[in-house]
Every structure is written in structure tokens, then in C-alpha cells.
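Overview (structure and organization)
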Amino acid sequence: MSKSDQKAYVSIYCKIYTENFSQEMIDRYATGKEIYNFLLKDAKCCLPIKGDCNLWYLGSNEKFGNIIYNDRVWHWGWGESSFDTVQEFIDTIYKDGLFTRRQYKNLSIKITEGRRIEDMYQIGDYLSRKHQTTTNTAKENNHVL
């Protein structure tokens with residue numbers, strides 16, 4: 001079995017709003033690709049805006065949560081979430097060979113982006129500004145002669 005097919009035990013959870021965080025990765029075995037897709041999956045907590053990935057809530061939620069990967073456990077209480085914890089989690093999976101170099105790089109970029117946002121309540125505003133900038137840039141490029 002290649003590393004890309006290898007499954008590991010994971011349980012990824014954080015408390016946001018009234019149980020809005022996906023329970024898809026609680027207490028199960030998953031491949032690196034499944035974990036990667038989950039972390040980047042749209043959490044749908046900023047509707048109608050898209051792009052609020054699960055990973056950002058793990059690093060910025062105000063309440064509590066935990067990440068379990070095989071025999072490693074990261075747990076935080078009220079106000080203790082951190083992108084350092086999320087980075088350590090993806091570092092561990094990468095070192096075990098379950099993430100490709102590209103996946104690891106993409107996740108690290110999202111962590112850096114999340115650090116700039118800082119607060120989960122600012123994710124929607126951040127995405128709105130990002131969308132507005134992208135839309136304005138596209139309009140400007142269409143008007144260039």
C-alpha cells in the first residue's frame with residue numbers, strides 16, 4: 001500500500017456557533033487526501049460568500065476543540081485556538097508522508113492567510129474584501145486597451 005492510500009485515525013472538531021463545524025472528520029480513518037480536502041472544504045458559515053475553509057476555524061475559533069491524529073492529541077479550551085496548533089498538525093501528517101509536498105504547501109499558505117484574518121468573526125469580511133478586489137481587478141483588466 002502506498003502512502004497516498006494509507007489511512008490514519010483522525011478526529012477533527014471545534015465548537016463554532018451552534019455546532020456549525022462539520023462532523024465529517026470526527027472519529028474515523030482517512031487518507032491524507034481526505035484530510036487535505038476536509039481542511040480546505042468550504043465550512044459554509046459565511047453564506048452567501050464562499051471560501052471559508054474549515055482550517056481557518058480550527059485556528060481562530062473562540063471556543064474549544066481538538067485534533068487527534070493517530071496517537072497525537074491537540075486540545076484547546078476557550079480562547080486558546082491557534083494556527084500554531086494547526087501548523088503542527090499538518091507538519092506531523094506531512095512528516096508521516098500522507099500529504100504530498102504540494103498539499104502541504106497549499107495548507108501552509110491557507111494557515112498564513114488565516115493568521116492575517118486572526119478572528120473567525122472577521123472571515124466573512126475578509127472574503128468580501130478579497131472577492132471585491134478580485135472583481136474590481138477583473139473589471140479593470142477587461143477595460144485595458
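Residues numbered from 1 in each chain as written. Predicted model: local features only at pLDDT ≥ 70, side-chain atom pairs only at ≥ 80, totals over all residues. Heavy atoms only, no water.

Topic: the packing of helix α3 (residues 83–95) against helix α4 (residues 101–117)
Selection criterion: Only C-alpha atoms enter the line fits that serve as axes; for helices the fit covers just the stretch in contact. Angles between N-to-C directions range over 0 to 180 degrees. Every helix listed is a DSSP run of H or I at least four residues long, and every strand listed is a run of E at least two residues long, numbered separately from the N terminus. Put simply, angles under 35 degrees are roughly parallel, angles over 145 are roughly antiparallel, angles from 65 to 115 are roughly perpendicular, and the rest are oblique. Here a residue-residue contact requires only that any non-hydrogen atoms of the pair lie within 4.5 Å. Following the grouping adopted for this structure description, the nonpolar residues are Ala, Val, Leu, Ile, Met, Phe, Trp, Tyr, Cys and Pro, the charged ones are Asp, Glu, Lys and Arg, and the polar ones are all others, Gly among them.
Close contact between α3 and α4 brings their axes to 10 Å; oriented N to C, the two are set at 180°. Considered as vectors, α3 and α4 are oriented roughly antiparallel to each other. Across the interface between the two elements, Phe-83, Asp-84, Val-86, Gln-87, Ile-90, Asp-91 and Tyr-94 of α3 pack against Arg-101, Tyr-104, Leu-107, Ser-108, Ile-111, Gly-114 and Arg-115 of α4. Along the lines of polarity and charge, the residues of the contact of α3 with α4 split into seven nonpolar, three polar and four charged.

Focus: the packing of helix α1 (residues 32–40) against α4
A packed helix pair is summarised by two numbers, namely the angle formed by the two axes and the spacing between the axes. Quick reminder of the rule: The hand of a helix crossing depends on one turn: near helix anticlockwise from the far one by less than a right angle means left-handed, and clockwise means right-handed.
Remark: α1 packs on α4, axes separated minimally by 11 Å, with the N-to-C direction vectors making an angle of 20°. Overall, the two elements α1 and α4 adopt an arrangement that is roughly parallel. In terms of crossing hand, the pair formed by α1 and α4 is left-handed. Facing α1, whose interface residues are Lys-33, Tyr-36, Leu-39 and Leu-40, α4 presents Gln-103, Asn-106, Leu-107 and Lys-110. Looking at the contact of α1 with α4 residue by residue, the classes come out as four nonpolar, two polar and two charged.

So, to be careful, I would describe these as geometric facts and stop short of saying anything about function.
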